[in-house]
Amino acid sequence: MKFDSALLYLPPPLPPFPRQRALDSLLFSAISSSSSVLQLRQIHALLHRFGLHASSFLVAKLLRRLTDLGILPPNPYPSLVFSQVPSPNSFLWTAFIRSHSPTLSSASADADSPLSVYSLMRRQFPPPPPLTFTFSALLKSAQSLSDGIQIHAQTISIGGFDSDLFVLNTLIDMYIRSGHLIHARQVFDEMPVRDVLSWTSLIVAYSRNGDMNSAAGLFHCSPVKDVVSWTAMVSGYSQNSQPREALAIFKKMQAGGVAFDDISLVSVINACAQLGTCNYASWIRQVVDQAGIQLNVFVGSAMIDMYAKCGLIDDAQQVFAEMSDKDVYSYSAMISGLAAHGRADEAIHLFEVMVRSTAVRPNRVTFVGVLTACSHAGFVEKGRCYFSLMMNEYRITPDPDHYTCMVDLLGRAGLVEEALKLVQSMLVEPNGAVWGALLGACRIHVKPEIAKIASEHIFRLEPDCIGNYIVLSNVYASAGMLDEVSNIRKMIRGRGLRKNPASSWMESGDGVIHEFFAGDDLHPRSKEIKEVIEYLLQSLRLVGYVPVLSSIVYDMSDNEKERILKGHSEKLALAFGVLTTVVGGVIRIMKNIRICEDCHLVMKMASGAIEREIIVRDSLRFHHFKSGLCSCRDFW
DNA sequence: CTAGGGTTAG
C-alpha cells in the first residue's frame, strides 16, 4: 500500500474558533522557548486547564522539547504526556519515537527501543501513516549496523520512502556514524537524486577518515556546492594537518563568490595557527574584522590559539579580553598559550580566576595546560597540587597526556627516579610521549640506566621516530659510554632510519619563508650571514661570551666543536634577521628541534647587545629573549 | 529539519 506523501504534510485541521488557534500558537511558542522541565510542567498543566492536553500538535512539541532537554525514558514523564492523547497522529508518534533515542547512559531494554515504539505505532488500528521524519528518527537512533539495516528494510517494505531523499540522507548518516563508510557510499551511489547534503556528508566522512584525496575527488564532482560543503573541505584539510591546502581551497571559495561565515573562518584560523606565521595571522585578522564577524567562543578560541602559536601572545590576550562570552575552550586555549610562552604565573592565575570567579569548569585539556605551565617553569610543588586537585576535586582520571606533563615536571627538576616510579604506577598504558618525557629528563640529568628502560619501551611504541634514538645516543655520549653510542648508530642504520636535518626558518615581511640548515651556505646571502655571525660572536666575546662546548656531546676537538656551534641553524637565522628586519623590530625564528645551550646563550646576549627582541619557537615552546634575558629564566 | 567549527603532551 502506498501513501500519498504530499497529503501527510498538510497542517492539522484548523480548530473551530480563531481564538483557540491563537492560544495554540501562544502555547506552542511558550513550549519552544522554555528551558527547564519545571516550565514545561507548568505549560503542561495549562494544556490540561484549556483541555488541550489531547492535542497531538502541542503534545508533540512538548515531547520534542523534553527530548532536547534530555528528559527521556526511563523517566516516566514523556510516556505520561504521550498517553494522555487518545488518538495520537503520526507527528506525535514520531516525537515519541525520538524521545526513546538511546542516550549516553542506560542501554535501553528492547521493549523501550525506538524500533519497538515504532512497532507499537504500526499495531494501532488504523495505523497512523509513517512520515519521512519517522524513519529519520528511527535511523538517527540506530546504534548498530543491524539496527540500521532493519530500519532501512522497514522503509522499503512499507514503500514510498525507500527513495526519499531525506530518508536516504539520514541512512547515509547512520552508516557513517556506525563506521560503515562503504555502505554509506553504496547508498549514495544508488540514490536516484542527491542534494548538497548527500555530497557533504560523504565528503566529511572521508576527511574524518584522513582520506582527503577521496574527499577532494567527491567535492570536485559535486554539481552543487554551498558554504557548508566548501567549509567541509577547508576544515578537512586543516584537521588533517594540511594548512596550505586549507587556505588554497578557502581562496578558491572566495574566488567562486561564495560568502563565508564564522564557521568557515574557524577552520581558516586553525590553518593559520598551524602555519604559525605572523603574515597569515594579520591577514586572517583583517578578514575577520572586515567581514564584521563577531568574536564568539568558537572564533575567539581559535584566534587565541592562533596568536599564541604565531608567537603573538599579547594579541592572544587581547582577543581573550575582548571576548564577551568565554567557555572552557577559550580558557584552555589561553592557559596553554601562556604556558607555551613560559608565562606560568599568568597561566596559573588565569586558571584560578576561572575556577573562582566564573561558572566555567575545567576539563582534562585545561589541566594539561596548567600542568605544562608548571613544568615549563619548574613549579614542582604547584604541579603536584594541581595534579591532585584534578583527581580529587574534579574527579578527572589522569590520562597519558597528564602523566607526560608530570613526568616532564619531575624529570626536568631532577627527580628522574621519582618520575620513573610515577610511570610505573600508571593504571593506563604509558604511551610514547610519557616515555619520551622521561627520556628527555635523562638527557638533561645524564641518567643512562633510566634512559635504557625508557628507550626499550619507546622503541617498541615508536620504532620509526628518529628523535628518540638521537636523544638516547646523546645520553650515552654525555656519560662517556662510547660503545653504546655506536650501538645506537648501528640500530638507526639497521632500521633504515634517516635523520631529518635540524633547521630553522624565518618569515620575511613579504611572507616568504627562509629556511636554514646547520652549516649550510645555500642561502643567496650566505656570505653576509657568515660575516654577521662572526662579527656578532666577536662582540659578544668582549662582554664575556664563552662558547658552551658541552652542547656538543660528541668526541672532537674544541676547535671543531666551536666551528659546529657557529653553524647552528638558529644562528644563521638570527644573522639573516639582523640583516633583513627593521631596526628595533622583533626577530622571530622557528626551529624544528630544541634549542641548544650555546644558541640560547647567544640569543640572550645578542638581544642585549643589539637591543632587539628575539623570539624563538623551538619544537616545544617559545623563548622570548630581551635585554640579555630569556622568558624561560634559563629553565627549559 | 538531516551536512561544516575551537582548547591537549615528549
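Keep in mind it's a predicted model, so treat the numbers as computed, not measured.

Concerning the domain arrangement of chain A
Here the domain parsing of chain A yields domain 1 (425-494) and domain 2 (503-630). The C-alpha centroid of domain 2 is placed 28 Å from the C-alpha centroid of domain 1.

Here's the deal with the UniProt feature "domain: DYW" (unreviewed entry) in chain A
Per the UniProt record, the feature "domain: DYW" (unreviewed entry) sits at residues 544-636. From the first C-alpha to the last, residues 544-636 spans 22 Å; its make-up is 37% helix and 17% strand.

So, the pairing of strand E5 (residues 622-626)
Across the 5 residues that make up E5, a large majority, 4, are buried. Summarising the sheet, E5 and strand E6 (residues 629-630) pair through 2 bridges and their orientation is antiparallel. Each bridged residue has a counterpart across the sheet, and for phenylalanine 625 the counterpart in E6 is cysteine 630. Counting the residues between successive antiparallel strands, the hairpin from E5 to E6 contains 2 residues, one of them, serine 627, with a positive phi of roughly 45°.

Digging into the side chain of serine 238
Tracing the sequence through the fold places serine 238 in helix H14 (residues 227-239). Not counting the four nearest positions on each side in its chain, serine 238 is found in contact with Ala246, Ser267, Asn270, Ala271 and Gln274.

Here's the deal with helix H22 (residues 364-377)
For H22, which comprises 14 residues, the first-to-last C-alpha distance of 20 Å matches the rise-based estimate of 20 Å (1.5 Å per residue) to within 8%. Within H22, 10 of the 14 residues are buried, which leaves the element mostly enclosed by the surrounding structure. Each element contacted by the buried residues of H22 is listed here: helix H20 (328-340), helix H21 (344-357), helix H23 (380-393) and helix H24 (400-412). Its side-chain oxygen 3.0 Å from the backbone nitrogen of valine 365, asparagine 363 forms the N-cap of H22. A positive phi of about 80° marks glycine 378, the residue just after H22.

Observations concerning the sheet that holds strand E2 (residues 513-517)
If you walk across this open sheet you meet the 6 strands as E2-E1-E3-E4-E5-E6, and the pairing is mixed. Every other strand in the sheet has two partners, leaving E2 and E6 as the edge strands with one partner each. Bridging between strand E3 (residues 587-591) and strand E4 (residues 614-617) involves 4 bridges; their strand directions are parallel. Pairing of arginine 588 across the sheet is with isoleucine 615, part of E4. Helix H33 (residues 597-609) rests against E3, E4, E5 and E6 of the sheet, and its axis sits at about 40° to E5.

A closer look at H14
An α-helix turns once per 3.6 residues; consequently, residues spaced three or four apart project the same way. Given a rise of 1.5 Å per residue, 13 residues ought to cover 18 Å, and the 18 Å separating the end C-alpha atoms of H14 matches this to within 8%. The buried fraction of H14 amounts to 10 of the 13 residues, a majority that puts the element mostly inside the structure. Along H14, the residues that are buried comprise Ser229, Trp230, Thr231, Ala232, Met233, Val234, Ser235, Gly236, Tyr237 and Ser238. In this structure, the buried residues of H14 make contact with helix H12 (196-208), helix H13 (212-221), helix H15 (243-255) and helix H16 (262-275). Positioned one or two residues after H14, serine 241 has a phi angle of 60°, which is positive.

A closer look at the protein's contact with DNA strand B
Residues in close proximity to DNA strand B total 53 residues, the closest being Asp226, Asp327, Tyr329, Asp401 and Gly432. Near the protein, within 4 Å, the atoms of DNA strand B are sugar or phosphate in 43% of cases. Within the contact set of DNA strand B, a base nitrogen lies 3.3 Å away from a side-chain nitrogen or oxygen of threonine 200. In this structure, serine 264 approaches DNA strand B through a side-chain N or O atom, which is 3.2 Å from a base nitrogen. Each residue belonging to the surface near DNA strand B can be placed in one class, and the counts come to 19 nonpolar, 22 polar and 12 charged.

Reading guide: rules and limits
- Numbering of residues begins from 1 in every chain and follows the order in which that chain's sequence is written.
- Here every chain gets a letter starting at A, and every ligand a number starting at 1, in the order they are written.
- Note on the predicted model: pLDDT of at least 70 is required for a residue's local features to be given, and 80 or more for side-chain atom pairs to be given and counted; whole-chain, interface and lining totals, by contrast, use all residues.
- As a rule here, side-chain values come from all non-hydrogen atoms in the structure, and water together with hydrogens is ignored.
- In this entry, domain limits derive from an automatic or database-based domain assignment.
- UniProt positions are given in the numbering used here, feature names are shortened, and annotations may be inferred rather than shown by experiment.
- The numbering of helices and of strands both runs from the N terminus, where a helix is a DSSP run of H or I of at least 4 residues and a strand a run of E of at least 2.
- Under the scheme applied here, a residue whose accessible area is under 20% of the maximum for its type counts as buried, over 50% as exposed, and between as partly exposed, the area being computed with a 1.4 Å probe on protein chains only.
- Strands pair, by our definition, only if DSSP identifies at least two bridges between them.
- Two residues qualify as a contact provided that any one of their heavy atoms is within 4.5 Å of a heavy atom in the partner residue.
- Multiplying 1.5 Å by the residue count of a helix minus one yields the expected span of that helix.
- Between N or O atoms, a polar contact is any pair within 3.5 Å; within protein, one atom must be a potential hydrogen donor and the other a potential acceptor, and residues adjacent in sequence are included only when both atoms are from side chains.
- Here an axis means a line fitted to C-alpha atoms, over the contact stretch when the element is a helix, while the angle between two N-to-C directions is reported on a 0 to 180 degree scale.
- Being near a molecule or strand, for a residue, means having at least one of its heavy atoms within 4 Å of it.
- In this classification, Asp, Glu, Lys and Arg are treated as charged, Ala, Val, Leu, Ile, Met, Phe, Trp, Tyr, Cys and Pro as nonpolar, and every other residue, Gly included, as polar.

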